[in-house]
Amino acid sequence: MIIKCVDTKKVHIHFGGCGGSYSYLLGVGSYLQQNYDLSNVVFSGISGGNIIALLLILEMDIDDAFRHINIPFLLRLQSYKMKSFYNFIPEFKKELLNIINVDKNNYLKACGRLYVNITRVFPFKNEIISNFTSNEDLINCILASSHIPVYSNTLFYTFRNSYYLDGYLSAYDNFDNHDYFGQNFITLKFNIGTFRVLENHFLFLSTCDKLARQLYKYGSHDIKSNILVYHPYLHSKSN
């Protein structure tokens, strides 16, 4: 079904929680980046979905990042005794800081344009953060939204002097309701189950580079096959 175009509405793209299947949404993001002008799009994310949104906001080539950053990162984790267990988040933080610190003011690009869902532990509630004070503050917010204890060396993630867990625990699909952004926005949602049921359990963070490549291809293929649903709302680079 093709959605009727509503030219007066701004576009909000939401990337849902994806866990170990984040490479799938990277494939989705890469296709969107290559074919559409996303410079005026507002993004939101839950857990690993924030990574795709961040790369799009920074206008970093996702295909290049997948091949030359993500794959080497997974290969390095394979050499660790516990693989991704207890190592993924601390090591991923180093990669994200290397990416964003190319420009000390990169965090400003995300202010008011990236809305991150995080789960506060005490009291237990969902929070949405869209203003950041530094590159590290932005990365800490994203990692707070992605924090699953078995993939880190701490039970909770400390962000702005409070404790947090994965945003999916409290958000589920917080942007299913368009009222958060108002009636002037149309929300386009991308989750790991939007187009297909993935065989691997998304909570398992595999270090298998072969699996990551396959998920990436699936994501790119699936969004391309279903793009007519989203095309009316996006500005094609070919226009």
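This one's a predicted model, so the numbers in the text were calculated from it and none came from an experiment.

With that out of the way, let us pick up the packing of helix 1 (residues 22–35) against helix 3 (residues 62–78). Interhelical geometry of helix 1 versus helix 3 gives an angle of 160° and a closest axis separation of 9 Å. When the axes of helix 1 and helix 3 are compared, the pair comes out roughly antiparallel. Residues Y22, S23, L26, G29, S30, Q33 and Q34 of helix 1 lie in contact with helix 3, whose contacting residues are I62, D63, F66, N70, F73 and L74. When the residues that make up the contact of helix 1 with helix 3 are grouped by side-chain class, the tally is six nonpolar, six polar and one charged.

It is worth spelling out the environment of I46 at this point. Structurally, I46 is set in strand 3 (residues 42–46). A residue is classified by how much of its surface remains accessible, and I46, at 0% relative accessible area, is buried. For the pair formed by I46 and D166, sequence separation is 120 residues and the distance between their alpha carbons is 8.0 Å.

As a further point, take the packing of helix 1 against helix 8 (residues 209–225). The N-to-C vectors of helix 1 and helix 8 enclose an angle of 45°; their axes lie 6 Å apart at closest approach. Classed by the angle they form, the pair helix 1 and helix 8 counts as oblique. Crossing geometry of helix 1 relative to helix 8 is assigned as right-handed. Packed against helix 1, whose contacting residues are S23, Y24, L26, G27, V28, S30, Y31 and L32, the element helix 8 presents A212, L215, Y216, Y218, G219, S220, D222, I223 and K224 at the interface. Grouping the constituent residues of the contact of helix 1 with helix 8 by class yields 10 nonpolar, five polar and two charged.

About the cut-offs
Residues numbered from 1 in each chain as written. Predicted model: local features only at pLDDT ≥ 70, side-chain atom pairs only at ≥ 80, totals over all residues. Heavy atoms only, no water. Axes fitted to C-alpha atoms, helices over the stretch in contact; angles between N-to-C directions. Helix = DSSP H or I, 4+ residues; strand = E, 2+ residues; numbered from the N terminus. Parallel < 35°, antiparallel > 145°, perpendicular 65-115°, else oblique. Contact = heavy atoms within 4.5 Å. Nonpolar A, V, L, I, M, F, W, Y, C, P; charged D, E, K, R; others polar. Buried < 20%, exposed > 50% of the residue type's maximum accessible area, 1.4 Å probe, protein only. Left-handed = near helix turned anticlockwise from the far one by under 90°.

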